[in-house]
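Structural features, examined
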Amino acid sequence: MTNLMQSVKDNLAFLGVCLVIVVAIFVVAGLTEKALRQKNSMARTNSPARRVALVGVFSAIAAVLMLFELPLWFAPSFYELDFSEIPVLICAFAMGPVAGVATELCKVLLKLVLKGTTTAFVGDFANFVVGCSLVLPASIVYYIRKNKKMAICGLALGTLIMTIFGSGFNALYLLPKFSELFGMPMDAIIGMGTAINSSIHSVWTLVFFAVVPFNILKGVVVSAITMLLYKHISPILKKH
């Protein structure tokens, strides 16, 4: 009974942290978008109905893409590459940071409905937070001035922030929390990395040899495909 109560408390605490971080990300996105819209008279606004519709469409596409994950030769099996950030970035570029964050959240929720979780929800929470660390900076920079140069700068900045933040967040919070909620000893998690790369022997070496290259690869690939697709999709999205 004591173990059950402690498990419930741990899960409720994790849920509380998730809610606080989600709200904080939306607040940052909303305040930044509002400030930029006031400074940039050319910023395009969309009707609430149009925003909801497009967020729904891109969330659905992203959720489906999230189901198809590619294993990576340099990382344990719980780090797999997917391309779900592409429609999220396209939506964020078209309608702003808030729409991007909303799409990122809806994507994860839809994926949970379709597939459930295999990581005690830690991986799903990580996907949202780390995804936002790419999408939010990229969309904010692009929102300042919508041209190809700013899009590239935004995506490069987003990739850099995702790599730094995502790596630190994994080491300091996500991996320990996964170990706690999933009931897998940290040594076992590190051992999965050691089996792939003998240089991995601690949390930080796991992050350095697996998480860092994972985030860089994901940022570069997703950014390149987004740039190729957005050029052709943006004229359609601009039509009312």
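Keep in mind that what you see is a predicted model, and the values were worked out from it rather than measured. (Residues numbered from 1 in each chain as written. Predicted model: local features only at pLDDT ≥ 70, side-chain atom pairs only at ≥ 80, totals over all residues. Heavy atoms only, no water.)

Moving on, we come to the overall build of the chain. Within the chain one finds eight helices and two strands. When the helices and strands of the chain are placed in sequence order, the string is α-α-β-β-α-α-α-α-α-α. Taking 18 Å as the expected radius of gyration for a compact globule of 240 residues, we find that the chain reaches 18 Å, a close match to that expectation. Viewed in the frame of its principal axes, the chain has a C-alpha envelope of about 55 × 40 × 30 Å. By the burial criterion, 48% of the 240 residues in the chain qualify as buried. For the chain, long-range pairs separated by at least 24 residues make up 75% of all intrachain contacts whose partners lie at least 6 apart in sequence. Across the chain, 19 positive and 10 negative side-chain charges occur, with their mean positions spaced 19 Å apart. (Helix = DSSP H or I, 4+ residues; strand = E, 2+ residues; numbered from the N terminus. Rg over C-alpha atoms; globule rule 2.2 N^0.38 Å. Buried < 20%, exposed > 50% of the residue type's maximum accessible area, 1.4 Å probe, protein only. Contact = heavy atoms within 4.5 Å. Lys, Arg positive; Asp, Glu negative; His and termini not counted. Charge placed at Lys NZ, Arg CZ, Asp CG, Glu CD.)

Our next topic: the pattern of salt bridges. For the coordinates displayed, the defined rule picks out seven salt bridges. Ionic pairing is found between Asp 124 and Lys 111, a salt bridge with its closest N-O pair at 2.8 Å. Placement of the pair is Asp 124 in helix α5 (residues 122-144) and Lys 111 in helix α4 (residues 97-115), with a sequence separation of 13 residues. The pair Asp 124 / Lys 111 is uniform in exposure class, with both members buried. Put simply, Glu 85, Glu 104, Lys 107 and Lys 218 are held in one network by salt bridges that share partners. (Salt bridge = Lys/Arg side-chain N within 4 Å of Asp/Glu carboxyl O.)

Further remarks concern the layout of surface pockets. In this structure, the largest pocket occupies an estimated 730 Å³ of space. Along its surface, the largest pocket is lined by 32 residues, and Phe 78, Tyr 79, Glu 80, Thr 119 and Gly 123 are the ones closest to its centre. Elements represented by at least two residues in the lining of the largest pocket include exactly α4, α5, α6 (148-182) and α8 (203-237). Considering every element that reaches the lining of the largest pocket, the biggest residue donor is α5, with seven residues. Residues of the lining of the largest pocket, tallied by class, amount to 14 nonpolar, ten polar and eight charged. (1 Å grid on protein atoms, 1.4 Å probe; cavity = no way out; pocket = protein on both sides within 12 Å on 5 of 7 lines; lining within 4 Å. Points joined across faces, edges and corners; volume = space filled by probe spheres on them. Nonpolar A, V, L, I, M, F, W, Y, C, P; charged D, E, K, R; others polar.)

So, on to the nonpolar core. Within soluble globular proteins, side chains that are nonpolar generally end up buried alongside one another. Ranked by size, the top nonpolar core spans 41 residues in total, and within it Phe 14, Val 101, Phe 125, Phe 128, Leu 174 and Leu 175 carry the most contacts. Within the residue set of this core, elements represented by two or more residues are α1 (2-39), α4, α5, α6, α7 (186-194) and α8. Residue contributions to this core peak at nine residues, all from α5. When near neighbours in sequence (up to four residues on either side) are disregarded, Phe 14 contacts Ala 120, Phe 121, Val 122, Phe 125, Tyr 173, Lys 177 and Leu 181. (Core = buried A, V, L, I, M, F, W, Y, C linked by side-chain atoms within 4.5 Å.)

Compared with the 27 Å implied by 1.5 Å per residue over 19 residues, the 27 Å span of α4 between its first and last C-alpha is a close match. Those residues of α4 that fall on the buried side of the exposure criterion are Pro 97, Ala 99, Gly 100, Val 101, Ala 102, Thr 103, Glu 104, Lys 107, Val 108 and Lys 111. Phi for Gly 116, located one or two positions after α4, is positive at around 80 degrees. (Expected span 1.5 Å × (residues − 1).)

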